[in-house]
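Descriptive structure summary
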Amino acid sequence: MKAIGIRELQKNPSLITKWLENKEYTIITKRNKPIGITISFDDKIITEGLKTSFLIEAYQNSLIGLGELAKSLNMNKKEAMKFLSSIGVDVIDYDFDDDLKTAEKFL
């Protein structure tokens, strides 16, 4: 997540465009106090809603965990896992190659 002051934004507005194209969230501040946030726009915002889209993105970027996601969506963890699976989001970050290397150390 980026942060930019309103004066800096006035001097260099292209920073916001760059950050939005990179799908980075940006907090806009005035006198070091947050006054707004920018998020990149995509179809998920329309189909899933802004709050849900924001939470899913935060989950995918490991900014919040499954429990926090579930609580924010008023679901239990099992419901949240089913929901994430239904929209094609990986629920468990699992790397088979890492496990294979670990197993080979024991052999």
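Relevant structure appears above.
What you see is a predicted model, and the numbers here were worked out from it, not measured in a lab. (Residues numbered from 1 in each chain as written. Predicted model: local features only at pLDDT ≥ 70, side-chain atom pairs only at ≥ 80, totals over all residues. Heavy atoms only, no water.)

Attention now moves to the overall build of the protein chain. Tallying secondary structure elements over the protein chain gives 7 helices and 3 strands in all. Reading the helices (α) and strands (β) of the protein chain from amino to carboxyl end gives β-α-α-β-β-α-α-α-α-α. Computed over C-alpha atoms, the radius of gyration of the protein chain comes to 18 Å, more than 25% over the 13 Å expected from 2.2 N^0.38 for 107 residues, which places it beyond the range of a compact globule. Expressed as a percentage of the 107 residues in the protein chain, the buried residues total 25%. Between the mean site of the 16 positive side-chain charges and the mean site of the 16 negative ones, the protein chain shows a separation of 13 Å. (Helix = DSSP H or I, 4+ residues; strand = E, 2+ residues; numbered from the N terminus. Rg over C-alpha atoms; globule rule 2.2 N^0.38 Å. Buried < 20%, exposed > 50% of the residue type's maximum accessible area, 1.4 Å probe, protein only. Lys, Arg positive; Asp, Glu negative; His and termini not counted. Charge placed at Lys NZ, Arg CZ, Asp CG, Glu CD.)

The next thing to look at is the packing of aromatic side chains. In this structure the tally under the stated criterion is 1 aromatic pair. Ring centres 4.9 Å apart and planes at 70° place the aromatic pair Tyr25 and Phe54 in the edge-to-face group. Taken together, the residues Tyr25 in the loop between α2 (14-21) and β2 (26-30) and Phe54 in helix α4 (residues 50-60) connect sequence positions 29 residues apart. Looking at Phe54, the relative accessible area reads 31%, which means it is partly exposed. (Phe/Tyr/Trp six-rings, centres within 6.5 Å; stacked < 30°, edge-to-face > 60°.)

Turning our attention to the pairing of strand β3 (residues 33-38). Within a regular strand, side chains alternate between the sheet's two faces. In this sheet, β3 lies alongside β2 in antiparallel orientation, the contact comprising 5 bridges. The residue of β3 that forms the bridge with Ile28 is Gly36. The hairpin formed by β2 and β3 contains 2 residues between the paired strands, and Arg31 there has a positive phi angle of roughly 55°. (Pairing = 2+ DSSP bridges.)

As a further point, take the nonpolar core. With 13 residues, the main nonpolar core has Leu55, Tyr59, Ile64, Leu66, Leu69, Leu84 and Val89 as its most contacted residues. Those elements giving two or more residues to this core turn out to be α4, α5 (66-72) and α6 (77-86). At 4 residues, the largest contribution of residues to this core is made by α4. If sequence neighbours within four positions are ignored, Leu66 has contacts with Tyr59, Lys77, Ala80, Met81 and Leu84. Grouped together as the second largest cluster of nonpolar side chains are 6 residues, Leu9, Leu15, Ile16 and Trp19 included. (Core = buried A, V, L, I, M, F, W, Y, C linked by side-chain atoms within 4.5 Å. Contact = heavy atoms within 4.5 Å.)

In space, the 3 strands of this open sheet follow the order β1-β2-β3, with mixed pairing throughout. Each of the sheet's edge strands pairs with one partner strand only, and the pair in question is β1 (2-5) and β3. Between one strand axis and the next, the sheet turns through 30° on average, direction left out of account. Across the sheet, α2 is in contact with β1, β2 and β3; its angle to β1 comes to roughly 165°. (Axes fitted to C-alpha atoms, helices over the stretch in contact; angles between N-to-C directions.)

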